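# Chains, contacts and geometry: an overview
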Amino acid sequence: MESVDLNPTSLPPGTRIGPWRLLEQRGRGTYGVVYRAVPAEDLAADAVALKLALHPRDARFAREVELLSRIHHPAVPRLLDHGHWQPRAGVSYAWLVMEWVEGLSLYDWAQAQRPSSRQVLQLLARLARALDATHAAGGLHRDVKGDNIRIRRTDGQPFLLDFGCGHHLGAATLTPQPFPPGTPAYRSPEAWRFALGSSKPPARLPSVAYPPGPADDVFALGVTAYRLVTEKYPPSAHPWDENVWRWRPEELESWTAQVCNPRCIAELNALVSRMLSPLPEARGSAREMAEALEKAARRAGREADEPLFTGEEPRPAGLFPLPRRVTARPPPRMRKWPWLAAAGLGGALALSAGGALSVSRSEVPAASHLAEQEEAKDAGTVAVGDSVLTAPVAPERAPSVWSSIAVDVPPKPFPGQRRPDGRGRCPGKLQVAINGACWTKLPVDLKDCDDEDGVEYRGACYQPAMTRQRPATSGPAARDDSP
């Protein structure tokens, strides 16, 4: 089939890429799309996963190919082939082919199988071995999480997927400061401290990017294990989060996996807590963690074979709800925010969980709602896309405009917006300073925030605090629309 002027996101079945022929699309990430494919000369052969770049000359694929070529482990899909696809002259998209893994993502598998503590120990040990193989090859995964782990349907073998965020020694840096790729809910305390310190917003970002290490992967595996056992995320280590105080040493025992789920045995609870230690050196290496998990699985008593969940538990609730993305809103009613149109900023505003001003509705693709739902799964994703090999395919859309690395809150005040004083304080008890501007916290429920033309930010509703207009000198006093 001819491939002239075809879009990587919507290739029809039968399209040939290198020696492979596409069967169907099975998933999409920020930088890549995944197709099931078979050898063009042997359509009856076993299917493979062909990952195609969404952007020409994307250097991430060369880095991923190099990293996967170094790793040889049964819990990491094998790299089978790679190359470049040229749909037209002068345009080239990188692609790579990997072993196909048919199964469920980790958290979906857990809901279906209701594993025991022993099964979780054994599964985590295999994943820790995969991380050890990655680290031994001079690499880092940098986005370990449930949606990047798939359990093979035939034998229960776990696979660590989506090395598109990975890095290896000698690879060039491709991402901007302050963080490398990753998912905020899985980010280590030391990464947050490096970028934001312990100060309140606004913060001066560091001049160099955070250098992740093996301890960051181990911490992310700990977050994965915690959610697997409790169906919740641990409290955020973001220094501006309202629950960050729970990372104090004296508070750590109050929210362990066993506290949230008494069915978790003591051995598993201790190892999850070790991986989540605020001190990187206390976590140990991936190899040490794998050995400890294997030992615990062998020595645990019969209570380790009881399911962690009965299937009758209520929906997870408590201190640490699942992170969610904030979607774009319709244009605000101009009777309340007339300054918005005057400033040329008409359109939707949204503040993400990390504190970033999002884009206007006009910039969001037509299928944005489905795109946001897809990316909101497991606290967002920025990886290339092989973590969704068996996920339903959303309608065609452009690469997402949403970023899960959201620390650059509004870069400057809106016209007429109040500024904090020299000490970074805003007038009034309900106003907070965010990147040199004042925002008013509204005393309303989040469900009513839209009715107030407000913006959701970190679990509360806010409006920009505007300066009072001076009365006109030659006519009636100007209307004061400031909150």
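Quick summary incoming for the structure in this document. (Residues numbered from 1 in each chain as written. Predicted model: local features only at pLDDT ≥ 70, side-chain atom pairs only at ≥ 80, totals over all residues. Heavy atoms only, no water.)

## What about the overall build of the protein chain?
Scanning the protein chain from N- to C-terminus turns up 11 helices and 15 strands. Within the protein chain, buried positions represent 53% of all 483 residues. (Helix = DSSP H or I, 4+ residues; strand = E, 2+ residues; numbered from the N terminus. Buried < 20%, exposed > 50% of the residue type's maximum accessible area, 1.4 Å probe, protein only.)

## A few points about helix α7 (residues 266-275)
Those residues of α7 that fall on the buried side of the exposure criterion are L268, N269, L271, V272 and M275. Where the residues of α7 are buried, they touch α3 (117-136), α5 (214-230), α6 (257-260), α8 (280-283) and α9 (286-299). (Contact = heavy atoms within 4.5 Å.)

## Focus on the sheet that holds strand β9 (residues 149-152)
Pairing in this open sheet of three strands is antiparallel, and the strands run β7-β9-β10 from one edge to the other. Sheet topology places β7 (103-105) and β10 (158-160) at the edges, where each strand pairs with a single neighbour. Taking each pair of neighbouring strands and ignoring which way they run, the sheet shows an average axis angle of 30°. Sheet topology places β9 next to β10; three bridges connect them, and they run antiparallel. Residue pairing in the sheet places I151 in a bridge with P158 of β10. Each of β7 and β9 touches helix α2 (residues 106-113); the most contacted strand, β7, lies at about 110° to it. (Pairing = 2+ DSSP bridges. Axes fitted to C-alpha atoms, helices over the stretch in contact; angles between N-to-C directions.)

## As for the nonpolar core
The nonpolar side chains of a soluble globular protein tend to be buried, and buried together. If you look at the biggest cluster of nonpolar residues, it comprises 69 residues, and the most contacted ones within it are L106, L121, L221, L268 and L293. When residues in this core are grouped by element, the largest group, 10 residues, is from α3. Apart from the residues lying within four places of it in its own chain, the contact partners of L293 are L121, L124, A125, A128 and L271. In this structure, V33, A37, L52 and Y93 belong to the second largest nonpolar core, which totals 16 residues. (Core = buried A, V, L, I, M, F, W, Y, C linked by side-chain atoms within 4.5 Å.)

## A short note on the packing of α2 against α5
Remark: α2 packs on α5, axes separated minimally by 10 Å, with the N-to-C direction vectors making an angle of 25°. Relative to α5, α2 is oriented roughly parallel. Here α2 and α5 pass one another in a crossing that is right-handed. Where α2 abuts α5, its residues L106, Y107 and A110 lie against T224, R227 and L228. (Parallel < 35°, antiparallel > 145°, perpendicular 65-115°, else oblique. Left-handed = near helix turned anticlockwise from the far one by under 90°.)

## Some remarks on the side chain of S116
Checked against the element boundaries, S116 lands in the loop between α2 and α3. Residue class for S116 comes out buried when judged on its relative accessible area of 5%. At a separation of 3.3 Å, a polar atom in the side chain of S116 contacts the main-chain carbonyl oxygen of A304. Leave out the neighbours within four places in its chain, and S116 touches A304, D305, E306, P307 and L308. (Polar contact = N/O pair within 3.5 Å; in protein donor to acceptor, adjacent residues only side chain to side chain.)

## Focus on the environment of R150
Structurally, the position occupied by R150 is in strand β9. A C-alpha to C-alpha distance of 9.1 Å links R150 and Y107, two positions 43 residues apart in sequence. From its side chain, R150 meets the backbone oxygen of G103 in a polar contact 3.1 Å long.

## Observations regarding the pairing of strand β2 (residues 20-28)
For a regular strand, the rule is simple: side chains alternate between the two faces of the sheet. As judged from the two bridges shared by strand β1 (residues 16-17) and β2, these two strands associate in the antiparallel manner. Residue pairing in the sheet places I17 in a bridge with W20 of β2. Linkage of β1 to β2, two consecutive antiparallel strands, is achieved through a turn of two residues, within which G18 is found at a positive phi near 60°. Of the strand pairs in this sheet, β2 and strand β3 (residues 32-39) are connected by seven bridges, and their pairing is antiparallel. Along β3, the bridge assignment pairs L22 with A37. Between β2 and β3, which pair antiparallel in sequence order, lie three residues.

## A closer look at the sheet that holds β1
Spatially, six strands are ordered β1-β2-β3-β4-β6-β5 in an open sheet, and the strand pairing comes out antiparallel. Each of the sheet's edge strands pairs with one partner strand only, and the pair in question is β1 and β5 (79-88). Sheet strands touched by helix α1 (residues 59-70): β3, β4 (48-53), β5 and β6 (91-99). Its angle to β6, the strand with the most contacts, is close to 25°.

## Here's the deal with the environment of I265
Residue placement: I265 occurs in the loop between α6 and α7. Separated by 148 residues in sequence, I265 and S117 place their C-alpha atoms 6.4 Å apart.

## Some remarks on the state of the cysteines
In the structure shown here, the tally under the stated rule is one disulfide. Lacking any disulfide linkage, C260 is separated from the closest cysteine sulfur, that of C264, by 9.9 Å. Since its relative accessible area comes to 28%, C260 is described here as partly exposed. (Disulfide = S-S within 2.5 Å.)

## Focus on the packing of aromatic side chains
Aromatic rings in a pair are described by how distant their centres are and how their planes are angled relative to each other. Overall, the coordinates contain six aromatic pairs when judged by the stated rule. Plain terms: the ring middles of F219 and W247 are 5.9 Å apart, the flat faces sit at 40° to each other, and that makes the pair tilted. Note that F219 is positioned in helix α5 and W247 in the loop between α5 and α6, a separation of 28 residues in sequence. For the pair F219 and W247, a shared accessibility class is recorded, and that class is buried. Through successive ring pairs, a cluster of aromatic residues spans F219, Y226, W247 and W255. Looking at R36, its charged tip hangs above the ring of W100, at a distance of 5.4 Å from the centre. Geometry around Y31 places R60 over its ring, the cationic atom sitting 3.6 Å from the centre. (Phe/Tyr/Trp six-rings, centres within 6.5 Å; stacked < 30°, edge-to-face > 60°. Lys NZ or Arg CZ within 6 Å of the ring centre and 35° of its normal.)

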